[in-house]
Amino acid sequence: QVQLVESGGGLVQAGGSLRLSCAASGHTFSSYGMGWFRQAPGKEREIVAAISWSGSTTLYTDSVKGRFTISRDNAKNTVSLQMNSLKPEDTAVYYCAASNGWGRRAPYDYWGQGTQVTVSS
């Protein structure tokens, strides 16, 4: 099992940046594919970005390509999401999640509690 705790959310003006971090407990962090998801009010949860076990492969939803970067540090059991050029439509609760697989369709079995990101116009 792995436990996940997100941090780094907050309020930022459009065009600004935030960096989300997710700290994982457990000794097998490097065996999990990791993902960042978000859910805005009244909308379904969507995957924002995912990264493979080694960090060598990443994917992004189209709306964040070129603005967000996912990375991981297996030595520190952390995964991060650097968010630049933020837009009001990026406002959502962001969740970190872990999967025994990886990618858009993998089942994510472990979830953090979420962190709020609010982008003002």
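Just so we're clear, the structure is a prediction, and the values are computed from it rather than from any experiment.

Right, let's get into the packing of aromatic side chains. Per the counting criterion, the structure on display carries five aromatic pairs. Between Tyr95 and Trp111, the aromatic rings sit 6.4 Å apart at their centres with planes inclined by 80°, giving edge-to-face as the arrangement. Of this pair, Tyr95 sits in strand 9 (residues 92-99) while Trp111 sits in strand 10 (residues 108-111); the two residues are 16 residues apart in sequence, bridging distant segments of the chain. Taking relative accessible area as the criterion, Trp111 reaches 30% and is therefore assigned partly exposed.

This brings us to unusual backbone geometry. The backbone of Asn77 shows a phi angle near 55°, a positive value even though the residue is not glycine. Along the chain, Asn77 falls in the loop between strand 7 (68-73) and strand 8 (78-83). Unlike most non-glycine residues, Ser85 shows phi in positive territory, near 50°. Positionally, Ser85 belongs in the loop between strand 8 and strand 9. When its relative accessible area of 40% is taken as the criterion, Ser85 is described as partly exposed.

With antiparallel pairing, four strands are arranged side by side in an open sheet as 1-3-8-7. Of all strands in the sheet, those bounded by a partner on one side alone are strand 1 (4-7) and strand 7. Pairwise comparison of adjacent strand axes, ignoring direction, gives a mean angle of 15° for this sheet. Relative to strand 8, strand 7 runs antiparallel, the two sharing six bridges. By the bridge assignment, Arg72 is partnered in strand 8 with Val79.

On to the environment of Asp109. By the secondary structure assignment, Asp109 is in strand 10. Discounting chain neighbours no more than four positions away, the residues touching Asp109 are Ala98 and Asn100.

Turning next to the nonpolar core. If you look at the biggest cluster of nonpolar residues, it comprises 29 residues, and the most contacted ones within it are Met34, Trp36, Val79, Leu81, Met83 and Tyr94. Going through the elements one at a time, strand 3 (18-24), strand 4 (33-39), strand 5 (46-51), strand 7, strand 8, strand 9 and strand 11 (115-120) are the ones with two or more residues in this core. Setting aside residues no more than four positions away along its own chain, Tyr94 makes contact with Glu6, Leu20, Trp36, Phe37, Arg38, Val48, Phe68, Leu81, Met83, Gly114, Thr115 and Val117. Counting residues in hydrophobic clusters, the runner-up holds eight residues, among them Ile47, Tyr95, Ala97 and Tyr108.

Before going further, it helps to examine the environment of Glu46. The topology assignment puts Glu46 in strand 5. For Glu46, a relative accessible area of 31% corresponds to the partly exposed category. Residues Glu46 and Thr57 lie eleven residues apart in sequence; the distance between their C-alpha atoms is 19 Å. Discounting chain neighbours no more than four positions away, the residues touching Glu46 are Trp36, Phe37, Arg38 and Thr61. Within the local environment of Glu46, its side chain forms a polar contact with the side chain of Arg38, the two groups lying 2.7 Å apart.

Scoring rules and cut-offs
- Residues numbered from 1 in each chain as written.
- Predicted model: local features only at pLDDT ≥ 70, side-chain atom pairs only at ≥ 80, totals over all residues.
- Heavy atoms only, no water.
- Phe/Tyr/Trp six-rings, centres within 6.5 Å; stacked < 30°, edge-to-face > 60°.
- Helix = DSSP H or I, 4+ residues; strand = E, 2+ residues; numbered from the N terminus.
- Buried < 20%, exposed > 50% of the residue type's maximum accessible area, 1.4 Å probe, protein only.
- Pairing = 2+ DSSP bridges.
- Axes fitted to C-alpha atoms, helices over the stretch in contact; angles between N-to-C directions.
- Contact = heavy atoms within 4.5 Å.
- Core = buried A, V, L, I, M, F, W, Y, C linked by side-chain atoms within 4.5 Å.
- Polar contact = N/O pair within 3.5 Å; in protein donor to acceptor, adjacent residues only side chain to side chain.

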